[in-house]
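Spelled out from the first residue to the last, the chains are:
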Amino acid sequence: MRHIIFGESHGPAIGVTLEGAPSGVALDWDFIRAEMARRAPGGSAMSTARKEADEVQILSGVFEGKTTGTPLCAVISNTDTRSGDYAQLKALPRPGHADYSGGVRYGGHNDYRGGGHFSGRLTAPLVFAGAVAKLILRERGVAVAAAVSNVAGIPDPTPEQMEQAVLAAKADGDSVGGCIRCTVTGLPAGLGSPDFGCNVEGLFAQYLYAVPAVKAVAFGAGFGFAALRGSQANDPFYMEGETVRTRTNRSGGVNGGITNGMPVEFEVCIRPTPSISLEQDTVDLERGCDARLSIHGRHDPCIVPRAVVVIEAAAALASCALLDL
């Protein structure tokens with residue numbers, strides 16, 4: 001199953017086409033709408049004030065409530081855009097954003113409004129695709145779950161700590177980042193390969209790094225391995241009936257690029273939102289000189305809480321690819 005996300009933040013609509021989805025999968029719309037609501041903007045003071053219903057319209061690939069097996073195309077209308085807020089970004093690229101690199105890549109023909117195709121807005125169709133992937137995985141006993149593991153340097157923050165840190169940054173015209181830890185359960189041992197083509201960690205990383213703002217991915221103990229001895233880092237084996245298990249899971253369920261039957265666990269780092277109102281150094285691409293930029297408009301001071309379901313979606317799609325679904 002392959003997916004292609006299309007659209008721009010301030011275009012008429014965004015969407016996704018799933019090619020190769022199995023036929024006969026019943027679309028649980030209560031579940032899909034709940035997944036979309038987890039990512040939807042405008043839910044709290046910690047998110048952007050942009051309000052979008054994120055109602056999904058199916059154009060093809062579904063008949064009588066089930067997937068047909070032909071390309072599944074879904075669109076989501078953009079209804080609350082303020083393109084005037086982004087007029088200056090045509091000449092003044094945001095530091096940390098893809099305004100400059102995207103402009104170079106597409107010869108200046110990219111839609112810069114709201115970040116265009118590089119906007120976090122494009123994670124809405126990704127969440128829909130991930131919801132479909134979760135329904136496919138559910139039939140095979142595979143589940144994906146994630147949670148915030150760090151915000152603004154605070155490990156495992158309480159909602160109150162998270163809100164305080166985010167709103168403090170917002171009051172300063174700034175933003176904060178954080179981490180999300182995700183677990184995939186139910187994957188059997190023996191999936192993947194040590195090579196480039198289907199290395200489990202490489203496959204998941206490819207899907208995860210396609211999520212805007214993801215800047216690091218670590219499996220199991222991740223960078224913590226640097227402080228461990230082998231005796232501490234290894235996961236001892238034991239028998240659980242006729243099944244081989246490990247007493248710890250510091251390797252994140254992967255050895256040699258292949259699943260070992262334990263949950264696949266990883267953590268991603270989400271960078272602070274580049275769009276901040278604090279004045280920053282940039283360049284004026286039209287005049288060819290240094291410049292200063294203060295960004296206006298509606299932006300998340302922290303995207304980490306809304307990104308949890310997005311990371312789950314990427315992991316679900318990667319799991320489908322790993323299972324060759």
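These numbers were taken from a predicted model, which means no experiment stands behind them.

### Describing the packing of helix α1 (residues 29–39) against helix α3 (residues 123–138)
At a minimum axis separation of 9 Å, α1 and α3 run at an interaxial angle of 140 degrees. When the axis of α1 is compared with that of α3, the two are oblique. Considering only the axes of α1 and α3, their crossing is right-handed. Between α1 and α3, the contacting residues are Trp29, Phe31, Ile32, Glu35, Met36, Arg38 and Arg39 on the first element and Thr123, Ala124, Val127, Phe128, Ala131, Lys134, Leu135 and Arg138 on the second.

### What about the state of the cysteines?
Across all of its chains, the model carries zero disulfides by this definition. Cys320 provides the cysteine sulfur closest to Cys182, a residue in no disulfide bond, and the two sulfurs are 13 Å apart. Residue classification places Cys182 among the buried residues on the basis of a relative accessible area of 0%. Of the cysteine sulfurs around Cys302, a residue in no disulfide, the closest is that of Cys179, at 11 Å. Judged by its relative accessible area of 2%, Cys302 is buried.

### Some points on the UniProt feature "binding site: NADP(+)" (unreviewed entry) in the protein
In the numbering used here, UniProt assigns the "binding site: NADP(+)" (unreviewed entry) feature to Arg39. Along the chain, Arg39 turns up in helix α1. Under the relative-accessibility criterion, Arg39 is labelled buried at 3%. For Arg39, the residues in contact, after removing those within four places along its chain, are Asp54, Gly120, Arg121, Thr123, Ala124, Val127, Arg306, Val309 and Val310. A polar side-chain atom of Arg39 sits 3.1 Å from a polar atom in the side chain of Thr123.

### Here we look at the nonpolar core
With 70 residues, the main nonpolar core has Phe128, Ile180, Phe204, Phe266, Val268 and Ile311 as its most contacted residues. If you tally residues by element for this core, the top one is helix α7 (residues 304–322), at 14 residues. In this view, Val268 contacts Gly178, Cys179, Ile180, Leu208, Val214, Ala216, Val217 and Ile311; residues no more than four positions away in its chain are not counted. Within the second largest apolar cluster, six residues are counted, among which are Tyr86, Leu89, Ala291 and Ile295.

Thresholds, definitions, all that
- Residues numbered from 1 in each chain as written.
- Predicted model: local features only at pLDDT ≥ 70, side-chain atom pairs only at ≥ 80, totals over all residues.
- Heavy atoms only, no water.
- Axes fitted to C-alpha atoms, helices over the stretch in contact; angles between N-to-C directions.
- Helix = DSSP H or I, 4+ residues; strand = E, 2+ residues; numbered from the N terminus.
- Parallel < 35°, antiparallel > 145°, perpendicular 65-115°, else oblique.
- Left-handed = near helix turned anticlockwise from the far one by under 90°.
- Contact = heavy atoms within 4.5 Å.
- Disulfide = S-S within 2.5 Å.
- Buried < 20%, exposed > 50% of the residue type's maximum accessible area, 1.4 Å probe, protein only.
- UniProt positions renumbered as here; feature names shortened; annotations may be inferred.
- Polar contact = N/O pair within 3.5 Å; in protein donor to acceptor, adjacent residues only side chain to side chain.
- Core = buried A, V, L, I, M, F, W, Y, C linked by side-chain atoms within 4.5 Å.

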